[in-house]
Amino acid sequence: QVQLVESGGGLIQPGGSLRLSCAASGSYFAINSMGWYRRAPGKERELVAAITSGGTTNYADALKARLTISRDNARNSISLRMDRLIPDDTGVYYCAADSSYDSITTGRYDHWGQGTQVTVSS
């Protein structure tokens with residue numbers, strides 16, 4: 001049983017910055033991949049940023065200039081900073097975690113958070 005606790009969503013003005021945090025707890029196995037994914041209204045889920053326990057990252061190409069993802073392996077947590085937000089960033093952001101190192105590229109995870117709403121609007 002793994003729980004993912006997400007925080008940091010809310011209403012952000014265009015041009016503002018966002019910090020999303022996710023902490024995993026309760027796993028019997030090592031968590032080697034964690035990431036943030038989002039679903040905009042009427043759209044499919046897409047990668048935002050992901051990271052392995054070794055520090056390998058995978059950023060969405062269209063977003064990477066505005067993103068920084070970091071990790072704290074001892075606490076099984078990640079933090080995402082997203083800068084210069086635009087209205088198209090609006091959506092539900094989901095944290096994901098898995099024991100596989102490949103999850104950051106496959107997008108397949110055993111565990112997903114419930115999601116946190118991010119709305120970019122003035």
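Predicted model, so just to flag it, every value in this text is computed and none were measured.

Caption draft 1: Structural view of the environment of N32. Looking at the element boundaries, N32 is found in the loop between β3 (18-25) and β4 (33-39). Taking C-alpha positions, N32 is 21 Å from R19, a pair spaced 13 residues apart along the chain. Once residues lying within four places of it in the same chain are set aside, the contact partners of N32 are I51, T52, S53, D98, S99, S100 and Y101. At 2.9 Å, the side chain of N32 forms a polar contact with the backbone oxygen of S99. Engagement of the side chain of N32 in a polar contact is seen with the side chain of Y101, the distance being 3.5 Å.

Caption draft 2: Inspection of the state of the cysteines at higher detail. Following the criterion strictly, the structure yields 1 disulfide and no others. Between C22 and C95 runs a disulfide, and the two sulfur atoms are separated by 2.0 Å. Its torsion about the S-S bond being -85°, the disulfide of C22 and C95 is classed as left-handed. With a gap of 73 residues between them, C22 in strand β3 and C95 in strand β9 (residues 91-98) connect regions that are remote in the sequence. Residue class for C22 comes out buried when judged on its relative accessible area of 2%. Relative accessible area serves as the criterion here: at 0%, C95 is assigned to the buried category.

What counts and how
- Residues numbered from 1 in each chain as written.
- Predicted model: local features only at pLDDT ≥ 70, side-chain atom pairs only at ≥ 80, totals over all residues.
- Heavy atoms only, no water.
- Helix = DSSP H or I, 4+ residues; strand = E, 2+ residues; numbered from the N terminus.
- Contact = heavy atoms within 4.5 Å.
- Polar contact = N/O pair within 3.5 Å; in protein donor to acceptor, adjacent residues only side chain to side chain.
- Disulfide = S-S within 2.5 Å.
- Buried < 20%, exposed > 50% of the residue type's maximum accessible area, 1.4 Å probe, protein only.

Nothing here speaks to function; it is all geometry.
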